[in-house]
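Fold and geometry: a report
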Amino acid sequence: MPSDIKQLRSNHLPTANSNGKARGPEHASSQSVHNRTAEPSTKASDTVTVTDEATRLQNMEQALANAPVVNAEKVAELRQAIATGNYQPNIERIADKLIELEDLL
């Protein structure tokens, strides 16, 4: 649906032509339509409520973002134990964890 821009022209102030004489609103340029200031509008305020669960998730995300990806000290200890032949994995714990993983799938 096209807009009727003729109604917009009736609100313009007179402009000067090339010889300095004032022109009425009926001679206003199309550019003056773009130079008008918009009337203040009433804005409704929006509110956002964050649930307790969302707050906990945000806190966990922040904690994870701040945590190191790898525990470098533990990795160094394990490398040293493997290199010296002192590494003895807990076979029962490994088996239990594998069974837990299988149950999740």
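Residues numbered from 1 in each chain as written. Predicted model: local features only at pLDDT ≥ 70, side-chain atom pairs only at ≥ 80, totals over all residues. Heavy atoms only, no water.

Structural notes on the overall build of the protein chain
Note the following rule: Going along the chain from the N terminus, every DSSP run of H or I of four or more residues is numbered as a helix, and every run of E of two or more is numbered as a strand. Relative accessible area decides the class of each residue, using a 1.4 Å probe on protein chains only: under 20% of the type maximum gives buried, over 50% gives exposed, and in between gives partly exposed.
Across its full length, the protein chain holds five helices and two strands. When the elements of the protein chain are put in sequence order from the N terminus, they spell out α-β-β-α-α-α-α. Every one of the 105 residues in the protein chain was classed for burial, and the buried ones make up 5%.

Focus on a nonpolar patch on the surface
What counts is decided by this rule: Residues enter patches when they are more than 30% accessible in relative terms and free of salt bridges; like-charged ones are connected within 9 Å and nonpolar ones (Val, Leu, Ile, Met, Phe, Trp, Tyr) within 5 Å. The method behind every accessible area is Shrake-Rupley, applied with a 1.4 Å probe, and residues are considered shielded solely by the protein chains displayed. A carboxyl oxygen of Asp or Glu within 4 Å of a side-chain nitrogen of Lys or Arg is what we treat as a salt bridge.
Together, I94, L98, L101, L104 and L105 give the surface a local cluster of nonpolar side chains, amounting to about 590 Å² of exposed area. Within the secondary structure, L101 sits in helix α5 (residues 91–104).

Describing helix α4 (residues 72–84)
To be explicit about the condition: For a helix, the expected span equals 1.5 Å multiplied by the residue count minus one.
Across its 13 residues, α4 extends 18 Å between first and last C-alpha, which sits within 8% of the 18 Å expected from 1.5 Å per residue. Positive backbone phi, approximately 85°, marks G85, located one or two places after α4.

Here we look at the pattern of salt bridges
By the definition in use, this model includes one salt bridge. Ionic pairing is found between E100 and K97, a salt bridge with its closest N-O pair at 4.0 Å. Taken as a pair, E100 and K97 lie in helix α5 at a separation of three residues, close to a single helical turn. The exposure class assigned to E100 is partly exposed, which follows from its relative accessible area of 45%.

Some details on α5
Keep this limit in mind: Each polar contact in these results corresponds to two N or O atoms within 3.5 Å; when the atoms are within protein, one needs to be able to donate a hydrogen and the other to accept it, and residues that are neighboring in sequence are counted only if both atoms are side-chain atoms.
The end-to-end C-alpha distance of α5 is 20 Å, a good match for the 20 Å that 14 residues give at a rise of 1.5 Å each. Sparse coverage of α5 is indicated by the burial of zero of its 14 residues. The N-cap residue of α5 is N90: its side-chain oxygen and the backbone nitrogen of E92 are 3.3 Å apart.

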